[in-house]
Amino acid sequence: MTYAERPVIGISSCLLGQKVRYDGTAKRDHWIVERLGKYVDYRPVCPEVAIGLGTPRPPIRLVGTPESTRVIGVEDPSVDVTEALEDFALNTAAQLRDISGYVLMSKSPSCGMERVKLYNARGQAEKKGVGAYARVLMQALPNLPFEEEGRLNDAVLRENFINRVFAYRRWQTLRGNGLTAKALLDFHARHKYMVMAHSQAAYQRLGRLLSHLKGVDLAAVADAYEAEFMAALKRRVGRKRHVNALQHIQGYLKQRIDSDDKQELSDSIEAYRREEVPLVVPMKLLRHYFRRHPDNYIDQQWYLDPYPESLGLRNAI
Ligand code: SF4
């Protein structure tokens, strides 16, 4: 397996250390810059600077209801940048068709993905808002993986996001190379255990989408497949589901390893189920046995090797 194609990730500029916040500061995120930055390229965007607000600038905030939100100046309520941020988001979405994920800055009235302070007419705030730029961008790019920097501190959410980014990159490569029935079927086969760990029902629905590919509009099938595939990967995978996938894969070794090795592998999967070891432990053991006893089908499964191992994401889940 190769990660030759580095995903490009859109990102709120302040997270890379650019001093573009309203008060002239940055919010550099060490993990994003130092660790993830080794394996991806970033496309930084600061919507507030892009619409001409300048740095430093008077602060803005969300005002209204979740259904009808405006972005208004805190000190001067006659300042309303709602349309400017929304228009910029639409233009940016059209220019970012090649990116494979997006990391947003939390709590921002422009970039916040959820739970942003939203002020009502009496000036009271509830965490019910979505940043104006983020909201339009997410609507325009519904299959793109989005995540906030704060949520990336959660090991499960972090692994889920990075898995989606690399899977989406592979999907974009497939589409970029020109759609064929064979390429779609191959993609589906190679993601079998990954998708099944997230949702068996989704894997079956995806299979049905690909069951009749002769004489059909492949682009339409691919659009439907992409939406279903990315929605499936968004679902959280609990230990039980990983155990299920690991045991299925273990079945391919049945005739190839002796009873001691089988027991060691089963013990490792059970230890993972009991939360005594992280996912990387049974994964490493499986890969070790498949190196000694190669299996063409399992070797092709992205589930065993979905993103650069040195990110260490499976050490923490
Ligand atoms: S949160 Fe968004 S708008 Fe605010 S400084 Fe960062 S990139 Fe700019």
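Refer to the structure printed above.
Residues numbered from 1 in each chain as written. Predicted model: local features only at pLDDT ≥ 70, side-chain atom pairs only at ≥ 80, totals over all residues. Heavy atoms only, no water.

**Student:** Tell me about the site of the ligand, residues and numbers included.
**Tutor:** What surrounds the ligand is a group of 13 residues, the closest being C14, C46, E48, M105 and C111. Residue classes in the shell around the ligand are distributed as seven nonpolar, three polar and three charged. (Near = heavy atom within 4 Å. Nonpolar A, V, L, I, M, F, W, Y, C, P; charged D, E, K, R; others polar.)

**Student:** Please set out the environment of I257 residue by residue, giving values where relevant.
**Tutor:** Positionally, I257 belongs in the loop between α10 (239-250) and α11 (259-273). The spatial distance from the C-alpha of I257 to the C-alpha of N153 is 39 Å, given a sequence separation of 104 residues. I257 has contacts with K262, L265, Y289 and H293, leaving out every residue within four places of it along the chain. (Helix = DSSP H or I, 4+ residues; strand = E, 2+ residues; numbered from the N terminus. Contact = heavy atoms within 4.5 Å.)

**Student:** Please provide a residue-by-residue account of the pattern of salt bridges, values included.
**Tutor:** Oppositely charged side chains are able to pair whenever their charged atoms sit close together. Summed over all chains, the structure comprises 20 salt bridges. We note a salt bridge from D223 to R175, for which the minimum N-O separation is 2.8 Å. Residue D223 is located in helix α9 (residues 218-234), and its partner R175 is located in helix α5 (residues 155-176); the two are separated by 48 residues in the primary sequence. For D223, a relative accessible area of 45% translates into the label partly exposed. Put simply, R70, D80 and E83 are held in one network by salt bridges that share partners. (Salt bridge = Lys/Arg side-chain N within 4 Å of Asp/Glu carboxyl O. Buried < 20%, exposed > 50% of the residue type's maximum accessible area, 1.4 Å probe, protein only.)

**Student:** Lay out the nonpolar core with the relevant residues and their values.
**Tutor:** Counting residues in hydrophobic clusters, the biggest one holds 84 residues, and the most contacted among them are Y102, I162, F229 and Y303. Both domains that meet at this core, namely domain 1 (8-153) and domain 2 (154-317), each give it at least three residues. In this structure Y303 touches Y193, M194, A197, H242, A245, L246, I249, M283 and R314, once residues within four positions along its chain are discounted. With eight residues, the next largest nonpolar core counts I60, V71, L118 and A132 among its residues. (Core = buried A, V, L, I, M, F, W, Y, C linked by side-chain atoms within 4.5 Å. Domains from an automatic or database assignment.)

**Student:** Before we move on, can you summarise the environment of G131 with the specific residues and values?
**Tutor:** Its place among the elements puts G131 in the loop between β7 (125-129) and α4 (132-140). Sequence-distant contacts of G131, defined by excluding residues within four places in its chain, comprise L62, S108, P109, S110, C111, G112 and V116.

**Student:** Lay out unusual backbone geometry in plain terms, naming residues and giving numbers.
**Tutor:** A cis geometry characterises the amide bond from T55 onward to P56, with omega recorded as -10 degrees. Topologically, P56 is positioned in the loop between α2 (47-50) and β3 (60-64). Positive phi, normally seen in glycine, also occurs at K107, with a value near 70 degrees. Looking at the secondary structure, you find K107 in the loop between β5 (101-104) and β6 (116-119). You will see that R115, though not glycine, has its phi angle at about 55 degrees, which is positive. Examined against the element boundaries, R115 turns out to sit in the loop between β5 and β6. R115 gets classed as exposed once you look at its relative accessible area, which sits at 51%.

**Student:** Describe the sheet that holds β3, naming the residues involved and giving the relevant values.
**Tutor:** Strand order across the open sheet formed by four strands is β4-β3-β6-β7, with mixed pairing between neighbours. The sheet is open, and its two borders are formed by β4 (69-73) and β7, each paired with just one other strand. Adjacent strand axes in the sheet meet at a mean angle of 50 degrees when their direction is disregarded. (Pairing = 2+ DSSP bridges. Axes fitted to C-alpha atoms, helices over the stretch in contact; angles between N-to-C directions.)

**Student:** Requested: an account of helix α12 (residues 280-292), with residues and values cited.
**Tutor:** Here α12 is 13 residues long and its end C-alpha atoms lie 18 Å apart, about the 18 Å a rise of 1.5 Å per residue gives. Restricting attention to buried positions, one finds in α12 the residues V280, P282, M283, L285, L286, R287, Y289 and F290. (Expected span 1.5 Å × (residues − 1).)

**Student:** How would you explain the packing of α5 against α9 if you had to name every residue and give the values?
**Tutor:** Where α5 meets α9, the axes come as close as 10 Å, and the angle between the chain directions of the two elements is 170 degrees. As summarised for this structure, α5 and α9 are arranged roughly antiparallel, according to the angle between their axes. Every residue of α9 that contacts α5 at N160, R164, A167, Y168, W171 and R175 is listed here: A219, A222, D223, Y225, E226, F229, M230, L233 and K234. Residue classes in the contact of α5 with α9 are distributed as nine nonpolar, one polar and five charged. (Parallel < 35°, antiparallel > 145°, perpendicular 65-115°, else oblique.)

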